[in-house]
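Each chain is listed here by its residues.
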Amino acid sequence: MIGERRAAILSLIIESYIKTGEPIGSKTLSNLLPYQISSATIRNEMAYLSELGFLQQMHTSGGRVPSNASFRYYVDNLMRPKPLTDYEKEHIVSVLSVNASDPERLLRSASVLLAQISGCASFYNIVKDELDCVQGVDIIPAGGNRAMLVMLSVGGKIKSSVCRLACPLDDDFKALFYYVAAEYFVGTPLTDINLALIQSTAPVLGTRLFDMLPVLTTLCSICSEAADGSLHIEGETNLLSHTELGSGVYKLLTFLTAKEQISDLLSQYARHGRERELFIGEENYHPELKNTATAMARFNYNNSQTAILGIIGSTRIDYASVLPRVDYIMKIVKEFLQKGGAVIE
């Protein structure tokens, strides 16, 4: 700990910098402190805080601004979180409850909310699960010799697609489709559903193989899509307003566009990270994030499914306001995922 007076000075410097992006002078600080203290004493205290690595001088003639180490100290020891209002809590639950029973749509809704509330970029990632299997499939007439295929996995993934049929969708066709689905697809890992599996149905389908082929290839396609997991990023343009990122914002946006890199990063977090993490500056896993504050949460649900939800912003985010709202959204998402969309009491 750094003592009450230094803590008060450091808090004021950080909170002022978060609001303005500018250094604050000793005279202004002396007017803001709740007790009388000279500008000379404040300068001495600022020099001591600089020696600790909590303040840094951006330019030789410029004032001092908070370092990443000071933001970490602030969050852990000095920050006074701004509590959510009842309206904010009700709004968050209301928005998320719409898709509470569909994990991917729930995570997408949460990502949109996070971007809106935090003013940062947000993301969710459903980590690829080699063990996820097909739980059930359905075929629904869509008119004009078309049908919609719907696939539900054991992990709760729901995928659908419309295909054009080579024959009428009559009772005989549906009975044959459900038989083949039950025998060859239900219970099969998503990663094992491919054209070779479709070819193995030939002895059963016989002359109806070509009638069934459009449906089975569509089913193969949506299973492959589900097997790959998913990564979605929301609110990237919010980062353009984080002026302290400077020209580095374009490198950051390029990094976010290269989804393979960020998918690898999130997979690493899924394996080794804690349930919730806040990475500030160099604490981040990847060099492209060294000027950011990144908050992430990992969710385990439906036995073997793993998802990650988070935000990326500059290190100058309003921690006291943003973090409690991010935490609350993540708390509600966790409850919905674990309760399968049950209403939160």
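Residues numbered from 1 in each chain as written. Predicted model: local features only at pLDDT ≥ 70, side-chain atom pairs only at ≥ 80, totals over all residues. Heavy atoms only, no water.

1. Concerning the sheet that holds strand 6 (residues 158–164)
Turning to step 1, where the next piece is worked out: Here we have three strands laid out as an open sheet, ordered 4-5-6, and antiparallel in their pairing. Looking at which strands have only one partner, the edges of the open sheet turn out to be strand 4 (134–141) and strand 6. Strand-to-strand twist of the sheet, defined as the mean angle between neighbouring strand axes without regard to direction, takes the value 20 degrees.
Turning to step 2, where the next piece is worked out: Across seven bridges, strand 4 lies against strand 5 (residues 146–153) in antiparallel orientation. Each bridged residue has a counterpart across the sheet, and for isoleucine 139 the counterpart in strand 5 is leucine 149.
Turning to step 3, where the next piece is worked out: Contacting strand 4, strand 5 and strand 6, helix 10 (residues 209–227) runs over the sheet at an angle of about 150 degrees to strand 6. (Pairing = 2+ DSSP bridges. Helix = DSSP H or I, 4+ residues; strand = E, 2+ residues; numbered from the N terminus. Axes fitted to C-alpha atoms, helices over the stretch in contact; angles between N-to-C directions. Contact = heavy atoms within 4.5 Å.)

2. With respect to the nonpolar core
Turning to step 1, where the next piece is worked out: Leu10, Leu96, Tyr319 and Val333 are the most contacted members of the largest nonpolar core, which totals 59 residues.
Turning to step 2, where the next piece is worked out: With 12 residues, the single largest contributor to this core is helix 13 (residues 319–339).
Turning to step 3, where the next piece is worked out: With residues up to four places along the chain from it excluded, the contact list for leucine 96 reads Leu106, Ser109, Ala110, Leu113, Ile329, Ile332, Val333 and Phe336.
Turning to step 4, where the next piece is worked out: Listed in part, the 32 residues of the second largest apolar core include Val134, Met151, Phe185 and Leu216. (Core = buried A, V, L, I, M, F, W, Y, C linked by side-chain atoms within 4.5 Å. Buried < 20%, exposed > 50% of the residue type's maximum accessible area, 1.4 Å probe, protein only.)

3. Description of helix 7 (residues 171–185)
Turning to step 1, where the next piece is worked out: Here helix 7 is 15 residues long and its end C-alpha atoms lie 20 Å apart, about the 21 Å a rise of 1.5 Å per residue gives.
Turning to step 2, where the next piece is worked out: Buried within helix 7 are the following residues: Phe173, Leu176, Phe177, Val180, Ala181, Tyr184 and Phe185. Within helix 7, the buried residues cover an arc of 135 degrees as seen down the axis, which keeps them to one side. Opposite its buried face, helix 7 presents the exposed residues Asp171, Asp172 and Glu183, each directed more than 90 degrees away.
Turning to step 3, where the next piece is worked out: Each element contacted by the buried residues of helix 7 is listed here: strand 4, strand 5, helix 8 (195–199), helix 9 (202–205) and helix 10.
Turning to step 4, where the next piece is worked out: Following helix 7 by one or two positions, glycine 187 has its phi on the positive side, about 90 degrees. (Expected span 1.5 Å × (residues − 1). Arc of directions from axis to C-beta.)

4. Section: the packing of aromatic side chains
Turning to step 1, where the next piece is worked out: A full pass over the atoms with the stated rule returns six aromatic pairs.
Turning to step 2, where the next piece is worked out: Arranged with centres 6.3 Å apart and planes meeting at 85 degrees, the rings of tyrosine 269 and phenylalanine 279 form a pair that is edge-to-face. Of this pair, tyrosine 269 sits in helix 12 (residues 259–272) while phenylalanine 279 sits in strand 8 (residues 276–280), and the two are 10 residues apart along the sequence. As far as burial versus exposure is concerned, tyrosine 269 and phenylalanine 279 are alike and both buried.
Turning to step 3, where the next piece is worked out: Members of the aromatic cluster, joined through ring pairs, are Tyr269, Phe279 and Tyr285.
Turning to step 4, where the next piece is worked out: The cationic tip of arginine 6 hangs over the ring face of tyrosine 48; the distance from NZ or CZ to the ring centre is 3.7 Å. (Phe/Tyr/Trp six-rings, centres within 6.5 Å; stacked < 30°, edge-to-face > 60°. Lys NZ or Arg CZ within 6 Å of the ring centre and 35° of its normal.)

5. Let's talk about the sheet that holds strand 7 (residues 230–234)
Turning to step 1, where the next piece is worked out: The antiparallel open sheet is built from five strands, whose spatial order is 7-3-10-9-8. With one partner strand each, in any of the chains shown, strand 7 and strand 8 form the two edges of the open sheet. Between one strand axis and the next, the sheet turns by 15 degrees as a mean value, whatever way the strands run.
Turning to step 2, where the next piece is worked out: Here strand 8 pairs with strand 9 (residues 292–301) via five bridges, running antiparallel. Residue leucine 278 lies in a different strand from strand 9, and its bridge partner there is alanine 295.

6. Thoughts on the pairing of strand 10 (residues 305–314)
Turning to step 1, where the next piece is worked out: The buried count for strand 10 comes to 10 of 10 residues, which makes it a mostly enclosed element.
Turning to step 2, where the next piece is worked out: Relative to strand 10, strand 9 is paired through 10 bridges, and the arrangement is antiparallel. Considered in strand 10, the bridge of alanine 295 is made with isoleucine 311.
Turning to step 3, where the next piece is worked out: Hairpin remark: strand 9 followed by strand 10, antiparallel, with three residues in the connecting loop; positive phi at asparagine 302, about 45 degrees.

7. Regarding the state of the cysteines
Turning to step 1, where the next piece is worked out: Applying the stated criterion across every chain, the model contains zero disulfides.
Turning to step 2, where the next piece is worked out: Free of any disulfide, cysteine 133 has its nearest cysteine sulfur in cysteine 223, 10 Å distant.
Turning to step 3, where the next piece is worked out: Cysteine 133 gets classed as buried once you look at its relative accessible area, which sits at 17%. (Disulfide = S-S within 2.5 Å.)

8. A closer look at the pattern of salt bridges
Where charged atoms from two side chains of opposite charge approach closely, those side chains can pair.
Turning to step 1, where the next piece is worked out: Per the counting criterion, the structure on display carries 15 salt bridges.
Turning to step 2, where the next piece is worked out: Taking the shortest distance from any N to any O, the salt bridge between glutamate 45 and arginine 6 comes out at 2.7 Å. Placement of the pair is glutamate 45 in helix 3 (residues 39–51) and arginine 6 in helix 1 (residues 4–20), with a sequence separation of 39 residues.
Turning to step 3, where the next piece is worked out: The exposure class assigned to glutamate 45 is buried, which follows from its relative accessible area of 7%.
Turning to step 4, where the next piece is worked out: Relative accessible area serves as the criterion here: at 24%, arginine 6 is assigned to the partly exposed category.
Turning to step 5, where the next piece is worked out: Between arginine 208 and aspartate 211 there is a salt bridge; the shortest N-O distance is 3.3 Å.
Turning to step 6, where the next piece is worked out: Accessibility expressed as a relative area gives 24% for arginine 208, which makes it partly exposed. (Salt bridge = Lys/Arg side-chain N within 4 Å of Asp/Glu carboxyl O.)

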